[in-house]
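Summary of structural features
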Amino acid sequence: MKSDIILSGVGGQGIISIAAAIGEAALINDLHMKQAEVHGMSQRGGAVQSTLRVSSKPIASDLIAYGAADMILSVEPMESLRYLNYLKPEGWLITNAVPFVNIDDYPNIETIYAEIRKIKNHVIIDADEIAGKVATKRASNMVMLGAATLFIDIPLESVKEGIRQIFGKKGEAMTQSNIDAMLAGREAAELYMKQNR
Amino acid sequence: MLGDEAIAQAGLDAGISGMYAYPGTPSTEIMEYIQHSKQAKENKVHAKWSTNEKTSMESALGMSYAGKRALCAMKHVGLNVAADAFINAAITGVNGGLIVISADDPSMHSSQNEQDNRFYGKFAQIPILEPTNQQEAYDMIHYGFELSEEFKVPVLMRITTRLAHSRAGIETRSPRPQNQLVLPKDPMQFILLPSIARKNYRTLLGNFRSFVDASEESDFNQFIDGPDKSLGIITCGIAYNYLVENYEDQNVPYPVLKVGQYPLPRKLIEKMMNTCKEVLVIEDGYPMVEEMLKGYLGKENIRGRLDGSLPRDGELNPNLVLAAIKKEKFEIEPIPSTVANRLPAMCKGCGHIDAYLALNEALLEHGKGRVFADIGCYTLGAYEPYQAISTCVDMGASITMAKGAADAGLVPAVAVIGDSTFTHSGITGLIDAVIGKSPITIVISDNYTTGMTGGQDSAALGRIEQICEGVGVDPAHIKIFHPTPAHHDEMVALLKEELAYDGVSVIIPRRQCVQTMKDKDLAIKVKELGLNNRK
């Protein structure tokens, strides 16, 4: 198997936790993994991107080539488009529908949605609302992780274990609420696929 | 582990007794890993932040003098600060093993330039290690300490942002005990009086051939043969990954020389030059190897960044490398035009913001172009809506540039510097200003931390006023205020008063960084120092 994923969002939205959960799940399954993170200046409310590569074969580059990503997974709709040139033609774009508006010239959200719908393989869900229902809004990143699991060939149980390893230190309640958010995201993506195909 | 973490763990497993560093992206996590490591604590490994890169380099050299292994890490521009100590450490040589890590930042993700610090290694004439991946970084630290102790010379390891901040699985080795405390055999080794320095320097020069021999035999320099001799490819460090990424199962049809250790392995280079019609050099950074092979007159069969096969600047990637092999041009496809820029910004509620709003208003009557800023979160004051600063050059340059501009007649001139940058490199400039009785206003925006790199300890904590008084600033012109919207008018009045003063004033807007509010250790220190007790 091979999954090359571009994760995107705004500094502070928790894309590193998504990457870490998938990364742990990959290691449980003895897969190779490379994950590049963003540190430093760009963390301060700017656009952030991280790459995650999982494969049954050894992985060379930390960077994914343009036009080669299997998936763009975004916690913010405009940010899902910023790295579109990395996506391969058959790749999946999976994004949260809720905009994070911290700039004056944030475009009309409908134009953003229109661009997203132009992508053949896309899933767009309201992760904030879903997270609010089953956990807290802060868990919207885990909702997006759940949506992505539909398209990554790693057992769901391992993803749960990955979440446990990351949030374990913060207690059982926190861990369970993140797992719930992840499962709800997966369900929402399934529903989106049914309704839009 | 992150590449940075792999280096840190390798240092601990190789028996270092101390780690010395000043925070700087992308090197920061090396020290942070050691600070949080149980293994480091149990073995009493020194792991406190230094005030700047020069003090860290010198402390590491001191630990080496005492016979122990030391690791020193910094971002690329940090080595400019430490250069005096670094170059001379090559002349003194070492006693215990010493590795200096330079974390370079091609494409300037978080930096002022993209200098390639392999040139510093070449300049100092010492061995350089450049890992391809996180595992090699781990293994190279073990090897590097052996090399350092065998030839009694510091070793430079050069990494880049991509390797530093990317995670991969690492196989570790069982830990080696620390060295015993032992003085150098030659009691004169570390005394660089001209007569001794000349002798030491000749020893260093004499060792150069041995360094080349070590490179020839090193596992980190590999000649991987390929059937198609129309092209040979030399990769340096991480560039190897961008090459093999383009081929199924990493099978490259051309001969490849994978370089991970310098000075360059002469015989392997000759083999490549003799068997291949053309040679493409792929290096993330400056075209150092390419230029060496090309020579001053420019051998025509060497391709790379100089002949335009690869871009002259910026970080490499798999697409650029493939295009260079195929002699095509790679152009990035545009993204939808509806996507707006989202630049980094100061956090909501940040004290720097209130300081800038007050400063902008106080300076209205004098006009723009008078604020000399420095390196830190407050550099983001350059962007809208503040547009509050005119310069950002290097650590500490705010105070000295304001002084120079004031000397030229630009009065009032204002310097804006953070607390940690002030102790890093601002104090000496302040002394210049005091001695010169410069009519400048220095704003030391104190948030108790090294904010931009993620909230590391600040050497300035609780002692800024004492430092300023100690170097001769008139206490009547050292003013502290609490930067909040409620205090805006008060701040403006105070700033105006000091802008009118014909001498050095220091104004300290003081409020804790909002990112560090959960830091319990810092909370205890702040309480002990009474920093939040408002006057």
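Of regular secondary structure, chain A possesses seven helices and six strands. The helix and strand sequence of chain A, counted from the amino end, reads β-α-β-β-β-α-β-α-β-α-α-α-α. On C-alpha atoms alone, chain A measures out to a radius of gyration of 16 Å, which is about the 16 Å that the 2.2 N^0.38 rule sets for 197 residues. Considering only C-alpha atoms, chain A reaches an extent of 40 × 40 × 40 Å along its principal axes. Excluding contacts between residues fewer than 6 apart, the proportion of contacts in chain A whose partners are at least 24 apart in sequence is 65%.

A separate point is the nonpolar core. Phe86, Ile101 and Ile141 of chain B are the most contacted members of the largest nonpolar core, which totals 107 residues. Per-element tally for this core: the top contributor is helix H5 (residues 76–92) of chain B, with nine residues. Each of domain 1 (3–217) and domain 2 (222–326) of chain B gives at least three residues to this core. Excluding anything up to four places from it in sequence, Ile101 of chain B contacts Ile7, Ile30, Leu71, Cys72, Ala73, Met74, Ile141, Met157 and Ile159 of chain B. Formed by 65 residues, the second largest nonpolar core is a distinct cluster that contains Ile22, Val48, Ala69 and Ile116 of chain A.

We now examine the domain arrangement of chain B. Where interface size is given, it is often the accessible area lost as the parts come together that is meant. Residues and elements named next belong to chain B. Partitioning chain B into domains gives domain 1 (3–217), domain 2 (222–326) and domain 3 (351–529). Computed from C-alpha coordinates alone, the two centres of domain 1 and domain 2 are separated by 27 Å. Contacts between the two partners involve 29 residues from domain 1, matched on the other side by 27 residues from domain 2. Summing the contributions of domain 1 and of domain 2, the shared interface buries around 2,400 Å²; its carbon and sulfur component is 53%. Inspection of the region where domain 1 meets domain 2 yields three salt bridges. The closest approach of N and O atoms between Arg162 and Glu315, which form a salt bridge, is 2.6 Å. At the surface where domain 1 touches domain 2, the tally comes to 19 residue pairs in polar contact (both at pLDDT 80 or more). Of all the secondary structure elements, the ones that give two or more residues to the side of domain 1 that touches domain 2 are helix H6 (118–124), strand E4 (128–129), helix H7 (134–151), strand E5 (155–160), helix H8 (161–164) and helix H9 (194–217).

It is worth spelling out the packing of aromatic side chains at this point. Ring pairs (aromatic) are described by centroid distance and by the angle formed between their planes. For the structure shown, the criterion picks out eight aromatic pairs over all chains. A ring pair is formed by Tyr65 of chain B and Phe190 of chain B, whose centres lie 5.0 Å apart and whose planes are at 80 degrees; its orientation type is edge-to-face. Placement of the pair is Tyr65 of chain B in helix H4 (residues 53–65) and Phe190 of chain B in the loop between strand E6 (166–167) and H9, with a sequence separation of 125 residues. Look at Phe190 of chain B and you get buried, because its relative accessible area is 19%. Here a set of aromatic residues connected by ring pairs shows up, and it is made of Tyr66 and Tyr86 of chain A together with Phe330 of chain B. The ring of Tyr240 of chain B carries Lys258 of chain B above its face, with NZ or CZ at 5.4 Å from the centroid. Its end group placed over the ring of Phe223 of chain B, Lys271 of chain B keeps NZ or CZ at 4.3 Å from the ring centre.

With that settled, the discussion passes to the interface of chain A and chain B. Listed by partner, the interface residues are 40 residues for chain A and 44 residues for chain B. Summed over both partners, the interface of chain A with chain B buries about 3,500 Å², with 54% contributed by carbon and sulfur atoms. Viewed at the interface, chain B and chain A are joined by six salt bridges. Measuring nitrogen to oxygen at the nearest pair gives 3.5 Å for the salt bridge that ties Glu248 of chain B to Lys57 of chain A.

In this section: the sheet that holds strand E16 (residues 478–481) of chain B. Residue and element names in this part refer to chain B. Pairing in this open sheet of five strands is parallel, and the strands run E13-E14-E15-E17-E16 from one edge to the other. The open sheet has two edge strands with one neighbour each: strand E13 (371–372) and E16. Bridge analysis of E16 against strand E17 (residues 505–509) gives four bridges, and the strand direction is parallel. In the sheet register, Ile480 faces E17, and the bridge partner there is Ile508. Sheet contacts for helix H16 (residues 419–435): strand E14 (413–418), strand E15 (440–445) and E17; angle to E14, the most-contacted strand, approximately 145 degrees.

Turning to unusual backbone geometry, a few remarks are in order. Residues and elements named next belong to chain B. The step from Tyr262 to Pro263 runs through a cis peptide bond, and the omega angle for that step is 5 degrees. Mapped onto the fold, Pro263 is located in the loop between strand E10 (261–262) and helix H11 (266–275). Looking along the chain, the bond that leaves Val411 and enters Pro412 is cis, with omega of 0 degrees. You can see Pro412 is positioned in the loop between helix H15 (397–407) and E14. Of note, Asp249 is a non-glycine position whose phi angle comes to about 50 degrees, a positive value. Note that Asp249 resides in the loop between helix H10 (239–244) and strand E9 (256–259). Unlike most non-glycine residues, Tyr448 shows phi in positive territory, near 70 degrees.

With that settled, the discussion passes to the side chain of Ser17 of chain B. All names here are of chain B. By the element assignment, Ser17 lies in strand E1 (residues 16–21). Within the structure, the side chain of Ser17 is placed 2.7 Å from the side chain of Gln178, a separation counted as a polar contact. With sequence-adjacent residues up to four places away left out, Ser17 is seen in contact with Lys44, Val45, His46, Met63, Lys68, Arg69 and Gln178.

To continue, consider the packing of helix H4 (residues 127–134) of chain A against helix H5 (residues 140–149) of chain A. All names here are of chain A. In the contact formed by H4 and H5, the axes pass within 8 Å of each other and the chain directions differ by 105 degrees. In terms of their interaxial angle, H4 and H5 are classed as roughly perpendicular. Counting all contacts with H4, which are made through Ala127, Asp128, Ile130 and Ala131, the residues of H5 involved are Ser140, Val143 and Met144. Residue classes in the contact of H4 with H5 are distributed as five nonpolar, one polar and one charged.

All names here are of chain B. Checked against the element boundaries, Gly470 lands in helix H17 (residues 464–470). Relative accessible area serves as the criterion here: at 63%, Gly470 is assigned to the exposed category. For the pair Gly470 and Thr449, spaced 21 residues apart in sequence, the C-alpha to C-alpha distance is 22 Å.

Attention now goes to the pairing of strand E6 (residues 122–125) of chain A. Residues and elements named next belong to chain A. Neither face of E6 is left uncovered, since the one carrying His122 and Ile124 and the one carrying Val123 and Ile125 both have all their residues buried. The pairing of strand E5 (residues 87–96) with E6 spans four bridges and is parallel. Paired with Asn96 across the bridge in E6 is Ile125. Taking the sense of rotation as the criterion, the β-α-β connection linking E5, helix H3 (residues 109–117) and E6 turns out right-handed.

Another point: the pairing of strand E8 (residues 231–236) of chain B. Residue and element names in this part refer to chain B. The buried count for E8 comes to six of six residues, which makes it a mostly enclosed element. On E8, burial covers both faces: Leu231, Ile233 and Thr235 on one face and Gly232, Ile234 and Cys236 on the other are all buried. Here four bridges tie E8 to E9, and the two strands are oriented parallel to one another. Its bridge partner lying in E9, Ile234 is registered against Leu257. You can see the chain leave E8, run along H10 and come back into E9, and the turn it takes is right-handed.

Basis of the calculations
- Residues numbered from 1 in each chain as written.
- Chains lettered and ligands numbered in written order.
- Predicted model: local features only at pLDDT ≥ 70, side-chain atom pairs only at ≥ 80, totals over all residues.
- Heavy atoms only, no water.
- Helix = DSSP H or I, 4+ residues; strand = E, 2+ residues; numbered from the N terminus.
- Rg over C-alpha atoms; globule rule 2.2 N^0.38 Å.
- Contact = heavy atoms within 4.5 Å.
- Core = buried A, V, L, I, M, F, W, Y, C linked by side-chain atoms within 4.5 Å.
- Buried < 20%, exposed > 50% of the residue type's maximum accessible area, 1.4 Å probe, protein only.
- Domains from an automatic or database assignment.
- Buried area = accessible area lost by both parts, 1.4 Å probe.
- Salt bridge = Lys/Arg side-chain N within 4 Å of Asp/Glu carboxyl O.
- Polar contact = N/O pair within 3.5 Å; in protein donor to acceptor, adjacent residues only side chain to side chain.
- Phe/Tyr/Trp six-rings, centres within 6.5 Å; stacked < 30°, edge-to-face > 60°.
- Lys NZ or Arg CZ within 6 Å of the ring centre and 35° of its normal.
- Pairing = 2+ DSSP bridges.
- Axes fitted to C-alpha atoms, helices over the stretch in contact; angles between N-to-C directions.
- Parallel < 35°, antiparallel > 145°, perpendicular 65-115°, else oblique.
- Nonpolar A, V, L, I, M, F, W, Y, C, P; charged D, E, K, R; others polar.
- Right-handed = clockwise from strand over helix to strand, strands pointing away.

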